Structure formats: structure tokens, C-alpha cells
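# Descriptive analysis of the structure
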Amino acid sequence: MSSGNRKQAILEALARELESRPGGRITTAKLAEAVGVSEAALYRHFPSKARMFEGLISFAEDGIFSRINQILEEDRHTRQRCARILYLLLAFAERNPGIVRVLLGDALMGEHERLHDRIEAFFGRLQTQLRQVLREAQMREDAKLSMAPEAAAEMLVIYVEGRMRQFLRTRFQASPLSNWEAEWKILDAGLFS
């Protein structure tokens, strides 16, 4: 197996372990066992467990923000852009419960502070992206906001984080997408006049 494939296998195993042990701490010994390699082999691919977590954060960033860029290219209507971005985030969370633990900091207790900074930057970037979408609505005049773009973007990020937190709290039983259509109608009615 090539080095790139082995790294990918390690990250996938880490995500599975995080999902199968909600609230539990993942040791390198358990992870090595799950991958079928020695701990020394893990460290040949990743110099620390923090680097493994950074790999999962990078996976989330790359997947989500590249897809957001596609949404922005495909759709020019502010309301649809916002709905599709939120749906993307909630669907990503549903498909990647282990990564949800990382994005919410649950799996990072006792880990390096730079990981928490990366998570903060992830949600900051998401809020900036939504704020830009909402600001463009004013220029395009395709939707009229009932609040400032900054406040609206913050509210949308809080909604996503809340749904992800509920998913984690219920040990991945309450889908982040349950009641999506009804909740989006409420958000839409509150955001746009």
C-alpha cells in the first residue's frame, strides 16, 4: 500500500473509531489495532495524533469549501445558495459522525491548542462565506434581508452547530437533517422579508 493510501486508511480508521466510541478517547494503540499496523507505523505516517486530527479537519475543509464554491457557481439566487450550503453542512455531518466530534471539539479534549484554533478558523471561514452570500443579495437585489448580513450569517452558523451538537449529544441518533424543510422555512422567513 502506498504512503498516501496508508495515510488515508489511518484517517478513515480514526473517523470510524471516533464514530463508534462517542464520548470516548481514542488512543494510538486502539487506532493502530483498527488499522492493522503497529503504533510505530502510525507515527511513520503522522508524527503525532494531533496531525491525524488535522488530517480530518483538512478533509472537512477541502470537501465542504470546494462544494460551497460549486454551489456559488451553479446557483445565483441568495435564498437557494443559503439553503444549499446549510443542507450541505448537515448532510456532511450525517455522513461523517466521527468528524463531527472533531469539528465540535469533543474529540480534542486534552489535545494541542492549535487544533482548537483550526476549528475556530473553520467556522469563521464558514460564517465569512455566508456573510458574503448575504451581502451580495443586497447588490443583486434578489432578496431583501430582515437583518444585517453579519447577524444573519452568525445565526445560520449557530443553527448548523446546534444541529451538529444535537447529533453528537444523541450519540448520532437524531439526524441533523430531521425536520430540515420545516426548519428552513422558519429560517427563510426570519432572514428574508
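For the structure given in this document, a descriptive report is provided here. (Residues numbered from 1 in each chain as written. Predicted model: local features only at pLDDT ≥ 70, side-chain atom pairs only at ≥ 80, totals over all residues. Heavy atoms only, no water.)

Turning to the overall build of the protein, a few remarks are in order. In terms of regular secondary structure, the protein is built from 9 helices and 0 strands. Shown N-terminal to C-terminal, the secondary structure of the protein runs as helices and strands in the order α-α-α-α-α-α-α-α-α. For the protein, the spread of C-alpha atoms along the principal axes amounts to about 60 × 30 × 30 Å. Looking at the protein as a whole, 47% of its 193 residues qualify as buried. A separation threshold of at least 6 residues defines the contact pool for the protein, and within that pool the share at least 24 residues apart is 69%. As displayed, the protein has an accessible area near 9700 Å², and 49% of this comes from carbon and sulfur atoms. Computed over 28 positive and 26 negative side-chain charges, the separation of the two mean positions in the protein equals 3 Å. (Helix = DSSP H or I, 4+ residues; strand = E, 2+ residues; numbered from the N terminus. Buried < 20%, exposed > 50% of the residue type's maximum accessible area, 1.4 Å probe, protein only. Contact = heavy atoms within 4.5 Å. Areas by Shrake-Rupley, 256 points an atom, 1.4 Å probe, with all protein chains shown as cover. Lys, Arg positive; Asp, Glu negative; His and termini not counted. Charge placed at Lys NZ, Arg CZ, Asp CG, Glu CD.)

This next bit is on the packing of helix H7 (residues 113–140) against helix H8 (residues 149–169). Interaxial distance between H7 and H8 falls to 8 Å at its minimum, and their mutual angle equals 135 degrees. The orientation of H7 with respect to H8, classified from their angle, is oblique. In this structure, H7 crosses over H8, and the sense of that crossing is right-handed. For the pair H7 and H8, the contacting residues are Phe123, Leu126, Gln127, Leu130, Arg131, Leu134, Arg135 and Gln138 in the first and Pro149, Glu150, Ala152, Ala153, Glu154, Leu156, Val157, Glu161 and Met164 in the second. Residues belonging to the contact of H7 with H8 are distributed by class as follows: 10 nonpolar, 2 polar and 5 charged. (Axes fitted to C-alpha atoms, helices over the stretch in contact; angles between N-to-C directions. Parallel < 35°, antiparallel > 145°, perpendicular 65-115°, else oblique. Left-handed = near helix turned anticlockwise from the far one by under 90°. Nonpolar A, V, L, I, M, F, W, Y, C, P; charged D, E, K, R; others polar.)

Let's shift gears to the packing of aromatic side chains. Applying the stated criterion to the full structure yields 6 aromatic pairs. Their ring planes at 90 degrees and their centres at 5.1 Å tell us that Phe122 and Phe123 sit as a pair that is edge-to-face. Taken together, the aromatic side chains of Phe65, Phe122 and Phe123 make up a single cluster linked through ring pairs. The ring of Phe46 has Lys7 sitting right over it, with the charged end atom 5.4 Å from the ring centre. The ring of Phe65 has Arg125 sitting right over it, with the charged end atom 3.8 Å from the ring centre. (Phe/Tyr/Trp six-rings, centres within 6.5 Å; stacked < 30°, edge-to-face > 60°. Lys NZ or Arg CZ within 6 Å of the ring centre and 35° of its normal.)

Moving on, we get to the pattern of salt bridges. Counted under the stated rule, the structure contains 15 salt bridges. One salt bridge connects Glu136 with Arg81, and the closest N-O pair in it is separated by 3.0 Å. Of this pair, Glu136 sits in helix H7 while Arg81 sits in helix H5 (residues 78–95), and the two are 55 residues apart along the sequence. Note that Arg135 and Glu150 form a salt bridge whose closest N and O atoms lie 2.5 Å from each other. Of this pair, Arg135 sits in helix H7 while Glu150 sits in helix H8; the two residues are 15 residues apart in sequence, bridging distant segments of the chain. (Salt bridge = Lys/Arg side-chain N within 4 Å of Asp/Glu carboxyl O.)

Tracing the backbone through its elements, the reader meets Gly98 in helix H6 (residues 97–103). Here Gly98 falls in the buried class, since its relative accessible area comes to 2%. Not counting chain neighbours up to four residues away, the residues in contact with Gly98 comprise Ala15, Leu18 and Glu19.

Take the side chain of Arg101 next. Following the sequence through the fold, Arg101 ends up in helix H6. If we ignore the near neighbours within four places in the chain, the residues touching Arg101 are Leu18, Arg21, Pro22, Gly23, Gly24, Asp106, Ala107, Leu168 and Phe172.

Let us now look at the environment of Lys7. Note on placement: Lys7 falls in helix H1 (residues 3–20). A sequence separation of 44 residues divides Lys7 from Arg51, and the C-alpha atoms of the two residues are 11 Å apart. Discounting residues that sit within four places of it in the chain, Lys7 has contacts with His45 and Phe46.

The next thing to look at is H7. For H7, with 28 residues, the first-to-last C-alpha span of 41 Å sits near the 40 Å given by 1.5 Å per residue. The complete set of buried residues in H7 reads Leu115, Ile119, Phe122, Phe123, Leu126, Gln129, Leu130, Val133, Leu134 and Ala137. In this fold, the buried residues of H7 make contact with helix H4 (49–74), H5, H6 and H8. Phi turns positive one or two residues past the end of H7, at Glu141, with a value near 60 degrees. (Expected span 1.5 Å × (residues − 1).)

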